[in-house]
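Understanding the architecture of this molecule
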Amino acid sequence: MLHIVNKSATERSSLESCLRMATKGSAVLLIEDAVCAATSGNAAAAKIQAAAADLKIYALGPDLAARGMAGRVLDGVNVVDYGGFVDLVAEHSNCQSWL
Amino acid sequence: MSDMDEMDEGSGIVKKFMFLNRKAPHGTVYALEGLEVVLITAAFDQDVSMVFTDDGVYQLMKGIDTKGIEVKDFSKTYRALEGYDIEKLYVDQASMDARGLTEDDLIVDVTVLPVDEMANLMAEQDVVISF
């Protein structure tokens, strides 16, 4: 399954809920304000890095750039563009958006 | 402020306004709308403070590039605030720490305040408007 999170982890509980429900081998794509969680020094960084052991974590590059965060992405997080977003949706049989 | 007070000659009461910004830019419209309201308020010669706490500190990041998401990059506007006599910009220390940010990461000069000083600043306002 592909999980998509678009809310900031330092404002809402969406990411935490997602990580609680995502099963091993699933993909988590961070978009919009959620991308900040995948940057160094963020309060959610440790959670992301721990989750990366069992999940594939992706962040949308254009949203990182729009927040001045392109150079601060955590190791183990895969940055994708809009084409990569489409590929992820196509590759997975189902997806859940944590609005 | 003194020459401004003379010009007002009783027409204007100057109140202390705080604009409290708590949202990251772009994901919602709050940051941009807040900035526009601040610029409008500047036209009325009020005592304006802008405060950035929680995800609001992300509004001031250097190096923002919005071309990829095709929205307006309003981050440069924060640098123009000085020209509108809005010079009191405050950032919450704990919010910066929780996001791994330092003053060097920000596009404008700010005063970083510990929570007790921020709380006092808020308490002494006539009006607090939150975005």
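Everything below is about the structure shown above.
Figured I'd write up the structure that's included with this text.

Conventions used here
- Residues numbered from 1 in each chain as written.
- Chains lettered and ligands numbered in written order.
- Predicted model: local features only at pLDDT ≥ 70, side-chain atom pairs only at ≥ 80, totals over all residues.
- Helix = DSSP H or I, 4+ residues; strand = E, 2+ residues; numbered from the N terminus.
- Rg over C-alpha atoms; globule rule 2.2 N^0.38 Å.
- Buried ≥ 20, exposed ≤ 12 C-beta atoms within 10 Å, placed from the backbone.
- Contact = placed C-beta atoms within 7 Å.
- Arc of directions from axis to C-beta.
- Nonpolar A, V, L, I, M, F, W, Y, C, P; charged D, E, K, R; others polar.
- Pairing = 2+ DSSP bridges.
- Right-handed = clockwise from strand over helix to strand, strands pointing away.
- Axes fitted to C-alpha atoms, helices over the stretch in contact; angles between N-to-C directions.
- Core = buried A, V, L, I, M, F, W, Y, C linked by C-beta atoms within 7 Å.

This part takes up the overall build of chain B. Per the secondary structure count, chain B includes five helices and five strands. Going from the N terminus to the C terminus, chain B shows its helices and strands as α-β-α-β-α-β-α-β-α-β. Taking 14 Å as the expected radius of gyration for a compact globule of 131 residues, we find that chain B reaches 15 Å, a close match to that expectation. Oriented by its inertia axes, the alpha-carbon framework of chain B measures out at about 50 × 35 × 25 Å. Residues classed as buried in chain B amount to 30% of the 131 residues present. Nonlocal contacts in chain B, meaning residues at least 24 apart in sequence, comprise 74% of its contacts between residues at least 6 apart.

As a further point, take helix α1 (residues 14–21) of chain A. Since there are 3.6 residues in each turn of an α-helix, residues three or four apart along the chain are aligned in direction. Residues and elements named next belong to chain A. Restricting attention to buried positions, one finds in α1 the residues Ser-14, Leu-15, Cys-18 and Leu-19. Here the buried residues of α1 occupy an arc of 125° about the axis, which is enough to place them on one side. The exposed set on the far side of α1, more than 90 degrees from its buried face, consists of Arg-20 and Met-21.

Turning our attention to the interface of chain B and chain A. Many authors give the size of an interface as the accessible area that is lost as the parts come together. Every contact between the two is made by 19 residues of chain B and, on the other side, 19 residues of chain A. Classifying every residue of the side of chain B that touches chain A gives eight nonpolar, six polar and five charged.

All names here are of chain A. When strand β1 (residues 2–5) meets strand β2 (residues 27–30), the two strands line up parallel, connected through four bridges. Bridge assignment links Val-5 to a residue of β2, and that residue is Leu-30. With respect to chirality, the unit in which β1 leads through α1 into the neighbouring parallel β2 is right-handed. The pairing of β2 with strand β3 (residues 56–60) spans four bridges and is parallel. Residue Leu-30 lies in a different strand from β3, and its bridge partner there is Ala-59.

Residue and element names in this part refer to chain B. Strand order across the open sheet formed by five strands is β4-β3-β2-β1-β5, with parallel pairing between neighbours. In the strand order of this sheet, the two ends are held by β4 (111–113) and β5 (127–130), each with one partner. Strand-to-strand twist in this sheet, taken as the mean axis angle between neighbours without regard to direction, amounts to 25°. Packed onto the sheet, helix α5 (residues 115–123) meets β1 (16–21), β2 (47–52), β3 (88–92), β4 and β5 and runs at close to 135° relative to β3.

Before going further, it helps to spend a moment on the nonpolar core. Among the nonpolar cores identified, the biggest contains 54 residues, and A:Leu30, A:Val35 and A:Ala37 are the most heavily contacted of them. Apart from the residues within four sequence positions on either side, A:Leu30 is in contact with A:Val5, A:Val35, A:Ala37, A:Ala38, A:Tyr58, A:Ala59 and A:Leu60.

Before going further, it helps to examine the environment of B:Asp47. Residues and elements named next belong to chain B. Within the secondary structure, Asp-47 sits in strand β2. Owing to 15 C-beta atoms within 10 Å, Asp-47 belongs among the partly exposed residues under this scheme. Distance from Asp-47 to Val-57, taken between C-alpha atoms, is 21 Å for residues ten residues apart in sequence. Contacts of Asp-47, omitting those with residues within four sequence positions, involve Val-14, Lys-15, Lys-16 and Phe-17.

Let's shift gears to the sheet that holds β2(A). Residues and elements named next belong to chain A. What the five strands build is an open sheet, ordered β4-β3-β2-β1-β5; its pairing is parallel. Looking at the sheet topology across the chains shown, the edges are occupied by β4 (77–80) and β5 (95–98). The sheet shows a mean angle of 25° between the axes of neighbouring strands, taken without regard to direction. Sheet topology note: the β1/β5 ladder contains four bridges and is parallel. By the bridge assignment for β5, Leu-2 is matched with Cys-95. On top of the sheet, α1 reaches β1, β2 and β5; it is set at about 170° to β1, its chief contact.

This paragraph deals with the environment of B:Gly56. Residue and element names in this part refer to chain B. By the secondary structure assignment, Gly-56 is in the loop between β2 and α3 (77–80). For the pair Gly-56 and Ser-95, spaced 39 residues apart in sequence, the C-alpha to C-alpha distance is 8.6 Å. In this structure, Gly-56 is in contact with Asn-21, Arg-22 and Lys-23, ignoring residues within four places of it in sequence.

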